[in-house]
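# Survey of secondary and tertiary structure
So the chains spell out like this:
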Amino acid sequence: MLSRFSLPGLTGKRRFDDLSEKEILALAISSEEEDGRIYAIYAQKLRSDYAASAAIFDGMAEEEDEHRRRLIDLYQRRFGDVILPVRREHVSDFYTRKPVWLIENLGLDRMRQEAEDMERQARDFYVAAAGRSSDIDTRKLLGELAAAEAKHESKAQDLTATHLGGEARADEDMAAKRQFILTWVQPGLAGLMDGSVSTLAPIFATAFATQNPWTTFLIGLSASVGAGISMGFTEAAHDDGKISGRGAPWKRGLASGVMTMLGGLGHALPYLIPSFWTATVIALIVVFIELWAIVWIQNRFMETPFLRAAFQVVLGGGLVLAAGILIGGA
């Protein structure tokens, strides 16, 4: 005979309040098993680059396995050796785990945050389950597991102190920061520089040649969108990140493409204003802000000396702007 949980798509989901103690214990067993596997996956993903954090998740996976073993022992004593296949997705008002662990380049901080959320949800489940149990042994175990999950945060802190003391934590934080810069900041900065600077000449040449704001806007829009698409695909295609370690191509391509487009649109959008000189003055102000934003990003994230970044970006942008105005006004 089919279990009423074996085909949830056909029979519908159950509400948590309608579950029996047998079903609650089965649900707890499957939940602990899934959490243990997720922690093991996190550890595997981190092992090559963040060995100390991988050890933390190994410890948390072992803790979940111990919880599962205790639950199975209790289940066997009360209900026999055949455990009902009850899982989270079979219960309509029960929490589910977001499949973030499927993400290939899931960041270290995101893993830590997900682990905290998992522990909090597990604690709430055991508190609710213990409150519904009438069996003394079951109520006792569920209460102990609720307390254990509540202490998982301090357990994680203990593991962090053991495996991420001093220099190890600093090294991992530096590695995570470096990965963020390589995957998002560097491609985005390159895109912003390309979009802001390379579109100056065609936009302002068109503006001074035609003195037609609408035509200038269309040229700026096409140049910005075209440059964004080109930069995005170029960044994504030229390096898959496996050797360079720069991260997923689609992330770098997205950062580069979007920032390239925004860099050009910044001084193209003012030409939606019908007055040519008003639009041009506002566009020049936007260019000034864009160039100094690039200088700030270089100094803040790439650790480029401020004066050197200012000289390179402002001088280069100024020359391109001057070329566009001179050519358009010729």
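Here's a quick rundown of the structure. Everything numeric in this text was worked out from a predicted model, so none of it was measured.

### Notes on the overall build of the protein chain
Tallying secondary structure elements over the protein chain gives twelve helices and zero strands in all. Reading the protein chain from its N terminus to its C terminus gives the helix and strand order α-α-α-α-α-α-α-α-α-α-α-α. Out of the 330 residues belonging to the protein chain, those deemed buried represent 43%. Of the contacts formed within the protein chain by residues at least 6 apart in sequence, a portion of 74% connects residues at least 24 apart. On the protein chain, roughly 17100 Å² of surface is accessible, and the fraction owed to carbon and sulfur atoms is 61%.

### Digging into helix 10 (residues 249-266)
Taking 1.5 Å per residue, 18 residues should reach 26 Å; helix 10 reaches 26 Å between its end C-alpha atoms and fits that length. For helix 10, the set of buried residues is K251, R252, G253, A255, S256, G257, T260, G263, G264 and L265.

### Overview of the pattern of salt bridges
Per the counting criterion, the structure on display carries 15 salt bridges. A salt bridge links R68 to E33; the nearest nitrogen and oxygen atoms lie 3.9 Å apart. You can see R68 sitting in helix 3 (residues 51-79) and its partner E33 sitting in helix 2 (residues 21-46), a full 35 residues away along the chain. Residue R68 is classed as partly exposed on the basis of its relative accessible area of 28%. A salt bridge links D73 to R69, with the shortest nitrogen-to-oxygen separation between them at 2.9 Å. Within this pair, D73 and its partner R69 are both found in helix 3, separated by four residues, close to a single helical turn. For R69, a relative accessible area of 41% gives the class partly exposed. Each of the salt bridges in this network shares a partner with another, and the network as a whole consists of E21, R78 and D135.

### Considerations on a nonpolar patch on the surface
A contiguous nonpolar surface patch, about 730 Å² in accessible area, is contributed by V281, I285, F288, I289, W292, F306 and L307. Looking at the nonpolar patch, the element that brings in the most residues is helix 11 (residues 276-301), giving five residues. Along the polypeptide, I289 turns up in helix 11.

### A few points about unusual backbone geometry
Even without being glycine, Q211 reaches a positive phi, approximately 50°. Counting through the fold element by element, Q211 comes out in the loop between helix 8 (200-210) and helix 9 (213-238).

### As for the packing of helix 3 against helix 5 (residues 136-150)
One can describe the packing of helix 3 onto helix 5 by two numbers: an axis separation of 11 Å at closest approach and a directional angle of 170°. Judged by the inter-axis angle, helix 3 sits roughly antiparallel to helix 5. Residues E64, H67, R70, L71, L74 and R78 of helix 3 form the contact with helix 5, whose participating residues are D137, T138, L141, L142, E144, L145, A148 and E149. Looking at the contact of helix 3 with helix 5, its residues break down into six nonpolar, two polar and six charged.

### Brief notes about helix 9
An ideal rise of 1.5 Å per residue puts 38 Å on 26 residues; helix 9 measures up with 37 Å between its terminal C-alpha atoms. When helix 9 is considered as a whole, its buried residues turn out to be P213, T216, F217, G220, S224, A227, G228, G232 and E235. Near the N-terminus of helix 9, the side chain that reaches the backbone nitrogen of W214, with its oxygen 3.0 Å away, is that of N212.

### Comments concerning the packing of helix 8 against helix 11
Look at helix 8 against helix 11: their axes get within 11 Å of each other, and the N-to-C directions meet at 165°. Relative to helix 11, the element helix 8 lies roughly antiparallel. The hand of the helix 8/helix 11 crossing is left-handed. Seen from helix 8, the contacting residues are L200, F204, A207 and F208; seen from helix 11, they are F276, W277, T280, A283, L284 and V287. Looking at the contact of helix 8 with helix 11, its residues break down into nine nonpolar, one polar and no charged.

Conventions adopted
Residues numbered from 1 in each chain as written. Predicted model: local features only at pLDDT ≥ 70, side-chain atom pairs only at ≥ 80, totals over all residues. Heavy atoms only, no water. Helix = DSSP H or I, 4+ residues; strand = E, 2+ residues; numbered from the N terminus. Buried < 20%, exposed > 50% of the residue type's maximum accessible area, 1.4 Å probe, protein only. Contact = heavy atoms within 4.5 Å. Areas by Shrake-Rupley, 256 points an atom, 1.4 Å probe, with all protein chains shown as cover. Expected span 1.5 Å × (residues − 1). Salt bridge = Lys/Arg side-chain N within 4 Å of Asp/Glu carboxyl O. Patch = residues over 30% accessible without salt bridge, like charges linked within 9 Å, V, L, I, M, F, W, Y side chains within 5 Å. Axes fitted to C-alpha atoms, helices over the stretch in contact; angles between N-to-C directions. Parallel < 35°, antiparallel > 145°, perpendicular 65-115°, else oblique. Nonpolar A, V, L, I, M, F, W, Y, C, P; charged D, E, K, R; others polar. Polar contact = N/O pair within 3.5 Å; in protein donor to acceptor, adjacent residues only side chain to side chain. Left-handed = near helix turned anticlockwise from the far one by under 90°.

Honestly, that's just the spatial picture; any functional story needs more than this.
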